[in-house]
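# Observations on the three-dimensional arrangement
Chain residues, written in single-letter form:
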Amino acid sequence: MANEEQYSPDETFISSLKSKLNTSFIPRWREEPCSIFRVPPILRMQNPEVYEPRIFPIGPYHRTGINPMPMEKRKNCMARRLFSKHPDTMMDRCVNEVMALEMRARSCYADKIDLGSNEFVEMMILDGCFIIGVLMLERLNVIRMKRRIRGEDTSAEREERNWSGNWVWWEQEDEEPEKGEMHNLWPLLSHVHADLLKVENQIPFFIVETLYNLLVTQDDDGENVSVFDLAISFINKNHSHLLRRYVNILNHQIHHLLHLFYVMLLPGPKISPTGHSLLVKLKKKARQLLRMPCCTLPSFLKNSEAAEWRRRQHDSGWLKSATELQEVGIKFVVVKNDRCSFMDVTFKNGVMEIPTLCIFESTMPLFRNLIAFEQCYPFTRNHVTFYAVLMQFLLDTPKDVKVLQGERILRSRLNDEEVARLFNRLCRDIIYSNSNSYLSDVFHDVNDYCDSRWHKWRAVLARDYFGNPWTVISLVAAVVLLILTFCRHTTVCMATTTIIKSLCFLSKR
């Protein structure tokens, strides 16, 4: 060993390695937690297009992926009109305000943004003004519909509509080309709605709020309308088939539009073990304790608690399909409470209550973006993921889809096979923990119900003897034949007994 020459590494290699490590993006501090992410490749590989904007890129991730010229022209026109009703100093105020928030905004993105300070601030201002304009346009549409429903005269609507002067230009037709460009935005609103709820197509909401507070003050009735009210109205108008109640967003720090939509979808706090099942478990535990000697109580409690935890972990990770659950006697009932979220699923006394879910072509892309947000953002409880897992178990085959459609729980324009296939693919490569599921008690109670001996027998009877009409006819015929045989045997016995009694009577005489 002593004779071996000591190896001296190449100095060029060492300096190259140090340079590579020093240039790696490892943020030492953040003013905001990461809330805007690129979708991980393992999730993106199935349907990459559902995570990318189709027409309007917002933020830094896709600003070069789409032909930017037509969209940037519309954004510039939007910003110009918002600034045109204010003094020239308003531009200076907005730039200074956004520059003060630059580091905070950059820290919201999980990846390093390779843009200079001026370019980044310009992107935030133009995209923020575009979002404000879209929200205001939706508000204008709601106001117009309400006026028409009330039967008010809308002939002077163009003259009267004035939200700090920002409503007027939406429908005016004159020779200025940018006004024509904005007028042509109407047919694209459906695509704008979809693009603004993509997980990678976001900017921090505090940027939008800051610009809105500077550029917009009152609505056409002279009332102050917050940007949160506009955003809630925008989401509720376009996704009312998913939303059943409003959430007090003051209790949440909203990071961006998709996060606001996510908060509005969250189920209520009532999701907990049902009172009936909890009472049954307590009675069972009390009977076991009364039968145990006092010296064995501590070890019994410790072992039973561990066994219960392991069993709940196992039970909360699996569920039978809707058809199989029907065979064991579980009934599906649609929830008719309009204040419930579509994820408010409960189970009690053999009845599973599920709110209605309307499925359109845009539903699955929304679900995928919400699940991707839950997978990336650490401060969520994966409610949408667990709901998707529940529906994946329930909708295993097209026959299961028919079961829930028959109970008006599912409403879809897609065929049954396509709906089952969509839910079966929705949770591929998804990571989740059963112990944190808000539906773990539902899974546990349903599996307890299915493990009952009587319910197992009922399932076997339904599957083996009532599975098709011919089996039912054969079973009924067998029962009728058995009854007739019994009746015939009884008649023969009675006749034989009568004859024997008659012979005995005659022999005595």
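Fair warning: this is a prediction, and the values are worked out from it, not measured in the lab.

### Details of the sheet that holds strand E2 (residues 346-348)
- The three strands lie next to each other as E1-E3-E2, forming an open sheet whose pairing is mixed. The open sheet has two edge strands with one neighbour each: strand E1 (331-335) and E2. The mean angle between the axes of side-by-side strands here comes to 25°, regardless of whether they run parallel or antiparallel.
- Pairing analysis gives five bridges linking E1 to strand E3 (residues 351-355), with the strands arranged parallel. Bridge assignment links Lys331 to a residue of E3, and that residue is Val351.
- Contacts between helix H20 (residues 440-451) and the sheet are confined to E2 and E3, with E2 contributing the most and set at about 35° to the helix.

### Re the environment of Leu366
- Along the chain, Leu366 turns up in helix H16 (residues 363-376).
- For the pair Leu366 and Ala194, spaced 172 residues apart in sequence, the C-alpha to C-alpha distance is 8.2 Å.

### Points about a nonpolar patch on the surface
- Residues Phe13, Leu17 and Leu21 make up a contiguous nonpolar surface patch of roughly 320 Å² in combined accessible area.
- Its place among the elements puts Leu17 in helix H1 (residues 11-23).
- On the basis of relative accessibility, which here comes to 41%, the residue Leu17 falls in the partly exposed class.

### Some thoughts on the packing of helix H11 (residues 227-238) against helix H12 (residues 257-265)
- Where H11 contacts H12, the two axes come as close as 10 Å, and the packing angle between them is 70°. Classed by the angle they form, the pair H11 and H12 counts as roughly perpendicular. Note that H11 runs across H12; the crossing there is right-handed. In this structure, H11 contributes Ala231, Ile232 and Ile235 to the contact, and H12 contributes Leu257, Leu260, Phe261 and Met264.

### Focus on the pairing of E3
- Relative to E3, E2 runs antiparallel, the two sharing three bridges. Across the sheet, residue Thr346 finds its bridge partner in E3, namely Glu353.
- Between E2 and E3, which pair antiparallel one after the other, the connecting turn spans two residues, and Asn349 there sits at a positive phi close to 55°.

### Some remarks on the nonpolar core
- One finds Phe261, Phe332 and Met352 to be the most contacted residues of the largest nonpolar core, which totals 124 residues.
- Considering each element in turn, this core owes the most residues, 13 residues, to helix H6 (residues 117-150).
- Setting aside residues no more than four positions away along its own chain, Phe261 makes contact with Leu197, Ile235, His239, Leu242, Leu243, Leu366 and Leu370.

### Points about the side chain of Asp195
- Along the chain, Asp195 falls in helix H9 (residues 189-195).
- Taking relative accessible area as the criterion, Asp195 reaches 1% and is therefore assigned buried.
- Of the polar contacts made by the side chain of Asp195, one reaches the backbone nitrogen of Arg54; its length is 2.9 Å.
- Side-chain polar atoms of Asp195 contact the backbone nitrogen of Phe56, separated by 3.0 Å.
- Not counting residues within four places of it along the chain, the set of residues in contact with Asp195 comprises Pro53, Arg54, Ile55, Phe56 and Asn201.

Rules behind the numbers
Residues numbered from 1 in each chain as written. Predicted model: local features only at pLDDT ≥ 70, side-chain atom pairs only at ≥ 80, totals over all residues. Heavy atoms only, no water. Pairing = 2+ DSSP bridges. Helix = DSSP H or I, 4+ residues; strand = E, 2+ residues; numbered from the N terminus. Axes fitted to C-alpha atoms, helices over the stretch in contact; angles between N-to-C directions. Contact = heavy atoms within 4.5 Å. Patch = residues over 30% accessible without salt bridge, like charges linked within 9 Å, V, L, I, M, F, W, Y side chains within 5 Å. Areas by Shrake-Rupley, 256 points an atom, 1.4 Å probe, with all protein chains shown as cover. Salt bridge = Lys/Arg side-chain N within 4 Å of Asp/Glu carboxyl O. Buried < 20%, exposed > 50% of the residue type's maximum accessible area, 1.4 Å probe, protein only. Parallel < 35°, antiparallel > 145°, perpendicular 65-115°, else oblique. Left-handed = near helix turned anticlockwise from the far one by under 90°. Core = buried A, V, L, I, M, F, W, Y, C linked by side-chain atoms within 4.5 Å. Polar contact = N/O pair within 3.5 Å; in protein donor to acceptor, adjacent residues only side chain to side chain.

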